[in-house]
Structure formats: structure tokens, C-alpha cells
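Residues per chain are reported as follows:
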Amino acid sequence: MLYKTLNNGVKMPLLGYGVYKIPEGDACENAVKYAIEAGYRSIDTAALYENEKSVGKAIRTSGIPREEIFLTTKLGNPDQINGNIIEAFDASLTKLGLDYVDLYLVHWPCAPHHQTTWPLIERILKSGKARAIGVSNFQPHHLEDITKHSSTTPAINQIEMHPFFTQKPLLDYCRTHGIAPQSWSPLGGERPVQEQLFVAPTIANLATKYNKTPAQIILRWNMDLGVITIPKSANPARIKENIDLFDFALTPDEVAAIDTLNQNQRVGPDPDVHA
Ligand code: NAD
């Protein structure tokens, strides 16, 4: 596994496993257990996904020491809007059945609430119950709103990113300010964008060259850019495929060739439109 050192010194695996839309219960518990067996050491959930109970149970019963697994969860939008930040965090910990998380993220800016939320997220960091704190779907102006009044820079900004939406200006902003970028929907999310992405000649040719799948080429592109990524699949063969990335690397020219596929095409909502 490759790791990224966050701005407070905490180490986070460059590749993780996302569980959006994997239903609470056996489906999620088994998927997370399988991912851990396959070698993943980072799991990304959220209050919104309503599967924290199963994620926590899978981690607790995995047989892997807790400190070897990096767990992320996120503050839900209704709790942010209602100001229930500390209560929501404690409720997540209770559902997970754990006494700390590795990373707690503000899931969405929900402007202007992000400004009053961040000091409470800092309080969670100070309590030791989250080893790192960060945000998700923040644009530079949202980041500036919170950093200008705070001594804690978010460790992570988790954003939509894939070869049709490379987010170069936001990546540059994050890197300049010591914020590690993390990509969601790295494989373009659901069809049809994903299908178009997988047959793009640049991706397909690299898949042939390295004897890898298009998904593996795209995930390796993320890692070669230094972007932390969290693909999702409930299918055991794909869970394994998506971590089989450590026996090859793209050249800088190949990374740049994938960058040129950008079409500024989102598959998810725009944080400036859906505040
Ligand atoms: P993704 O890009 O990971 O794609 C998931 C889809 O690709 C699924 O349909 C899956 O079956 C398919 N797939 C996975 N591996 C494949 C493979 N090797 N070959 C072919 N198809 C494959 O999209 P996602 O689930 O939207 O994003 C990943 C994770 O990011 C989520 O699980 C969640 O943890 C996180 N996320 C965060 C936000 C946010 O707002 N912070 C939003 C969306 C997702």
C-alpha cells in the first residue's frame, strides 16, 4: 500500500474503499470484510450512507488491529444545517461502535453554515476522537471562508474527480494550501459516463499496454497524481481488481495524456449550485 502524509502528520492510504449505496446489514458488512481481506486499509463511509453500523462491525470483527485501518466518516447536511455537529459526530461513533475515527469530513459546504461548523469540527479534533479533519465538495472560496478565521487547515478536500472532470484548478489550490485532494466517483460513478470513460482510446490503449483494465488505469492515474482515491464496488472480483494497482505505474507523459481527456463533465451536483 502507498500512503500520503496529511498536513498534521497522520498517514492515510492512497487507495481506499467507498461504501456509498451499499445497504446497511449483511451486504455492507460482507463487502467491507471482503475489502479488508483483499488488502484495503482505508474505508470511506458517511452518516448519509446509513451504513455506519455495518462498517463499524466489519472493522471490529476483521481481526486486523484497529490502528491499521483508516476510517473516514462525514457530517450529514441536515445535522450541519441544524447545528448538531458534536451530537452528530457522537452518534456516528456510537453507530460505528468505535471510540475514534481517523478522518471526519464536512460532507458538503451547506453555505453559509460551513463557517460556524468548522470551529466545532476543530473541537472534535482537539478531543482526540478524530485523528484528522477535513471537508468535501469545497470550492476555494468555501475553503477561504473557513481558513481565514481558523488555525486548522483541512487535511483533506474530498471532491468529484475522474478523467472527464480533472479539477486541475481545485487540485492546484488544494496542493498550494497543504490540503490533500481525494477523489470521489474516480471511475465516473454510474453509467453512461463510466462506459464512455472506459472506451476512451487513451485509457483503452494504456490498458492494453500494461495488461490492466480501464478501471485500473484510471485508479493508477489518481495515485500517480498523488490524489487519494476511494472506488466503490460490491462485487468481490472488482473489489480485488481495484486494489491490484501496485505492480505498475504510468509515466508522466501518460498521466498528462489522461489529463487531456478533461471535459469539465460532472456526474454529481455542483457545490456552487446546490449550496
Ligand atoms: P465510482 O467511480 O467508484 O464508481 C462506482 C461504480 O463503478 C459502481 O457502479 C461499481 O459497480 C462500478 N465499478 C467499480 N469498480 C469497477 C470495475 N473495476 N470495473 C467496472 N465497474 C466498476 O463512484 P462512487 O461510488 O460514486 O464513488 C466512490 C466513493 O466515493 C463512494 O462509495 C463514496 O465513498 C465516495 N463518494 C463521496 C461523495 C461525496 O460527496 N463526498 C459523493 C459520491 C461518492
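Residues numbered from 1 in each chain as written. Predicted model: local features only at pLDDT ≥ 70, side-chain atom pairs only at ≥ 80, totals over all residues. Heavy atoms only, no water.

Q: Go over the sheet that holds strand β6 (residues 101-106) with me, naming the residues and quoting the values.
A: Read across the sheet, eight strands follow the order β3-β4-β5-β6-β7-β8-β9-β10 without closing on themselves; strand pairing throughout is parallel. The sheet is open, and its two borders are formed by β3 (17-18) and β10 (228-229), each paired with just one other strand. By the bridge criterion, two bridges tie strand β7 (residues 130-136) to strand β8 (residues 156-160) in an arrangement that is parallel. Along β8, the bridge assignment pairs S136 with Q158. Helix-sheet contacts for helix α4 (residues 85-96) involve β5 (70-75), β6 and β7, and the interaxial angle to β6 is about 140 degrees. (Pairing = 2+ DSSP bridges. Helix = DSSP H or I, 4+ residues; strand = E, 2+ residues; numbered from the N terminus. Contact = heavy atoms within 4.5 Å. Axes fitted to C-alpha atoms, helices over the stretch in contact; angles between N-to-C directions.)

Q: Describe the pattern of salt bridges, with residues and values.
A: Side chains that differ in sign of charge can pair as their charged atoms come close. Tallied over the full model, the rule gives 14 salt bridges. The salt bridge involving R220 is made with D224; its shortest N-O contact spans 3.0 Å. Separated by four residues within a single helix, R220 and D224 lie in helix α10 (residues 214-224), roughly one turn from each other. We note a salt bridge from R266 to D270, for which the minimum N-O separation is 3.6 Å. One salt-bridge network, held together by shared partners, links E29, K33 and K57. (Salt bridge = Lys/Arg side-chain N within 4 Å of Asp/Glu carboxyl O.)

Q: Outline the pairing of β8, supporting the account with residue identities and numerical values.
A: Summarising burial for β8: five of the five residues are buried, a large majority. In terms of handedness, the path from β7 via helix α6 (residues 140-147) over to β8 forms a crossover that is right-handed. In the sheet, β8 pairs with strand β9 (residues 180-184) via five bridges, with the strands oriented parallel. Across the sheet, N157 pairs through a bridge with P181, a residue of β9. Tracing the backbone out of β8, into helix α7 (residues 168-176) and back to the parallel element β9 gives a crossover that is right-handed. (Buried < 20%, exposed > 50% of the residue type's maximum accessible area, 1.4 Å probe, protein only. Right-handed = clockwise from strand over helix to strand, strands pointing away.)

Q: I'd like a description of helix α12 (residues 252-259), backed by residues and values.
A: Those residues of α12 that sit buried are E254, V255 and I258. The buried residues of α12 occupy an angular sector of 105 degrees when projected down its axis, which confines them to one face. Seen from the buried face of α12, the exposed residues on the opposite side, beyond 90 degrees, are P252 and D253. At its buried positions, α12 is contacted by α9 (201-210) and α10. (Arc of directions from axis to C-beta.)

Q: Can you lay out the site of the ligand for me, pointing to particular residues and giving the numbers?
A: Of all residues adjacent to the ligand, which total 26 residues, the nearest are D44, Q158, S185, L187 and Q194. Note that an oxygen atom of the ligand is positioned 3.1 Å from one of the backbone N or O atoms of G189. For the ligand, whose accessible area on its own is 840 Å², the fraction buried by protein is 90%. Of all the elements in the fold, those that place two or more residues in the shell around the ligand are α8 (193-199) and α11 (236-241). (Near = heavy atom within 4 Å. Polar contact = N/O pair within 3.5 Å; in protein donor to acceptor, adjacent residues only side chain to side chain. Areas by Shrake-Rupley, 256 points an atom, 1.4 Å probe, with all protein chains shown as cover.)

Q: Describe the side chain of N222, and please don't skip the residues or the numbers.
A: Relative to the helices and strands, N222 is located in helix α10. The contacts of N222, once residues within four sequence positions are left out, are M161, S183, P186, V227 and T229.

Q: Talk me through unusual backbone geometry; I want residue IDs and the actual numbers.
A: Here the bond from A111 into P112 is cis, since omega is 5 degrees, no more than 30 degrees from zero. Relative to the helices and strands, P112 is located in the loop between β6 and α5 (113-127). Residue P192 follows R191 across a cis peptide bond; omega there is 0 degrees. Along the chain, P192 turns up in the loop between β9 and α8. Phi angles above zero are rare outside glycine, and E50 is one such case at about 55 degrees. The exposure class of E50 is exposed, given its relative accessible area of 62%. The residue C110 is not glycine, and still its phi comes out positive at about 50 degrees. Mapped onto the secondary structure, C110 falls in the loop between β6 and α5. Residue classification places C110 among the buried positions, given a relative accessible area of 5%.

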